[in-house]
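Each chain is listed here by its residues.
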Amino acid sequence: MTITLLPLLLATAATAGLSLDGSSPQRSVLVGEPLKLVVRWKADQDLQRVFIERGLFQEQSLSFVVDDGRGPKTYREIPHSTGDQVVLHGGMKKGQEEITNLLLVQGRYEGETGWGGFLFRAPGSYSVKVVYTDRETGQSTTSRALRFTARAPSSEDREIFDAAKARPMMLAFLGNAESQAKVKELIERHSRSPYLRWTRL
């Protein structure tokens, strides 16, 4: 099976004074392959503070409602850095827009503990909604869905899939020295694999 991205934007009514829309350059992904989302944030009114989620997912202001046909489940990407960084929280004027590039690599579904795993964990059809929650007011904004169909890895990609199951962050060239050494080894043998596209940037 192939992953198909329907021509939908992530659009929503602004329950938090904010609208989200987005897109993805990927129209086909493998099970476990990192998924890139380009998210546009637009203020529908003057906002004193917005917890915009950047690439490292330090804010934890976004969650993703994923439905594989058996009912929706909430997924949260784990932070991509364990270091402490200063994050400035600014406001947005009405009509102002911000664009962030996000890569979903590894996270937890509701009820899971530990480090979680892939976003798409089995072949099939999926819908994904983006949810922003203002941690100060509790108000949220939910997008419309992007719809995907995931496919199983080929025999050539299976080695990468098996290596990444226990440490998905390696697919974004993140993780400890052992993980990064393993990625370099895999790149030498599978340089064109979709799994490794984000390690080559």
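Criteria and cut-off values
Residues numbered from 1 in each chain as written. Predicted model: local features only at pLDDT ≥ 70, side-chain atom pairs only at ≥ 80, totals over all residues. Heavy atoms only, no water. Helix = DSSP H or I, 4+ residues; strand = E, 2+ residues; numbered from the N terminus. Buried < 20%, exposed > 50% of the residue type's maximum accessible area, 1.4 Å probe, protein only. Contact = heavy atoms within 4.5 Å. Areas by Shrake-Rupley, 256 points an atom, 1.4 Å probe, with all protein chains shown as cover. Phe/Tyr/Trp six-rings, centres within 6.5 Å; stacked < 30°, edge-to-face > 60°. Pairing = 2+ DSSP bridges. Axes fitted to C-alpha atoms, helices over the stretch in contact; angles between N-to-C directions. Core = buried A, V, L, I, M, F, W, Y, C linked by side-chain atoms within 4.5 Å. Polar contact = N/O pair within 3.5 Å; in protein donor to acceptor, adjacent residues only side chain to side chain.

Colleague: Talk me through the overall build of the protein chain; I want residue IDs and the actual numbers.
Modeller: Regarding its fold elements, the protein chain presents two helices and nine strands. N-terminal to C-terminal, the α/β element order of the protein chain is β-β-β-β-β-β-β-β-β-α-α. Across the 201 residues that make up the protein chain, the buried fraction comes to 44%. Considering only residue pairs separated by 6 or more positions, the protein chain has 67% of its internal contacts joining residues 24 or more positions apart. Working note: accessible area of the protein chain is about 10,500 Å², and carbon and sulfur atoms make up 48% of it.

Colleague: How would you summarise the packing of aromatic side chains if you had to cite specific residues and measurements?
Modeller: In this structure the tally under the stated criterion is seven aromatic pairs. Cluster of aromatic residues (ring-pair linked, three or more members): Phe64, Tyr75 and Tyr109.

Colleague: Before we move on, could you go through the sheet that holds strand 5 (residues 97–104) and cite the residues and values that matter?
Modeller: Here we have three strands laid out as an open sheet, ordered 1-2-5, and antiparallel in their pairing. Strands at the two margins of the open sheet, each flanked by one partner only, are strand 1 (18–23) and strand 5. Within the sheet, the average angular offset between the axes of one strand and its neighbour, ignoring direction, is 25°. When strand 1 meets strand 2 (residues 35–43), the two strands line up antiparallel, connected through six bridges. Within strand 2, the position partnered with Leu20 by the bridge is Trp41.

Colleague: Residues and numbers for the nonpolar core, please.
Modeller: Membership of the largest hydrophobic core comes to 43 residues, with the highest contact counts inside it found for Trp41, Phe64, Val66 and Phe120. Contributions of two or more residues to this core are made by strand 1, strand 2, strand 3 (62–67), strand 5, strand 7 (124–133), strand 9 (146–150), helix 1 (158–164) and helix 2 (177–189). Ranked by residue count, the leading element in this core is strand 2, at five residues. Residue contacts for Val66: discarding those within four places in its chain leaves Gly71, Pro72, Lys73, Tyr75, Tyr109, Leu119, Phe120, Tyr126, Ser127 and Val128. Ile78, Met169, Ala172 and Trp198 belong to the second-largest nonpolar core, a separate cluster that totals six residues.

Colleague: So, the side chain of Ser61: which residues are in play, and what are the values?
Modeller: Within the secondary structure layout, Ser61 lies in the loop between strand 2 and strand 3. From its side chain, Ser61 meets the backbone oxygen of Phe51 in a polar contact 2.6 Å long. Beyond its immediate sequence surroundings of up to four residues, Ser61 is in contact with Trp41, Phe51, Ile52, Glu53, Val131, Tyr132 and Thr133.

Colleague: Break down the environment of Tyr75 for me, with residues and values.
Modeller: As for its position among the elements, Tyr75 is in strand 4 (residues 72–77). The class of Tyr75 is buried, set by a relative accessible area of 0%. In this structure the C-alpha to C-alpha distance between Tyr75 and Leu62, which are 13 residues apart in sequence, comes to 9.3 Å. In this structure Tyr75 touches Ser63, Phe64, Val66, Val105, Gln106, Gly107, Arg108, Tyr109, Gly117, Phe118 and Leu119, once residues within four positions along its chain are discounted. There is a polar contact of 2.9 Å between the side chain of Tyr75 and the backbone nitrogen of Gly107.

Colleague: Please set out the side chain of Ser127 residue by residue, giving values where relevant.
Modeller: With respect to the helices and strands, the residue Ser127 is situated in strand 7. Setting aside residues up to four positions removed in sequence, Ser127 forms contacts with Val65, Val66, Asp67, Ala145, Leu146 and Arg147.

Colleague: Describe unusual backbone geometry, with residues and values.
Modeller: For Phe57, which is not a glycine, the phi torsion comes out positive at approximately 55°. Unusually for a residue other than glycine, Gln60 sits at a positive phi of about 55°. Among the secondary structure elements, Gln60 is positioned in the loop between strand 2 and strand 3.

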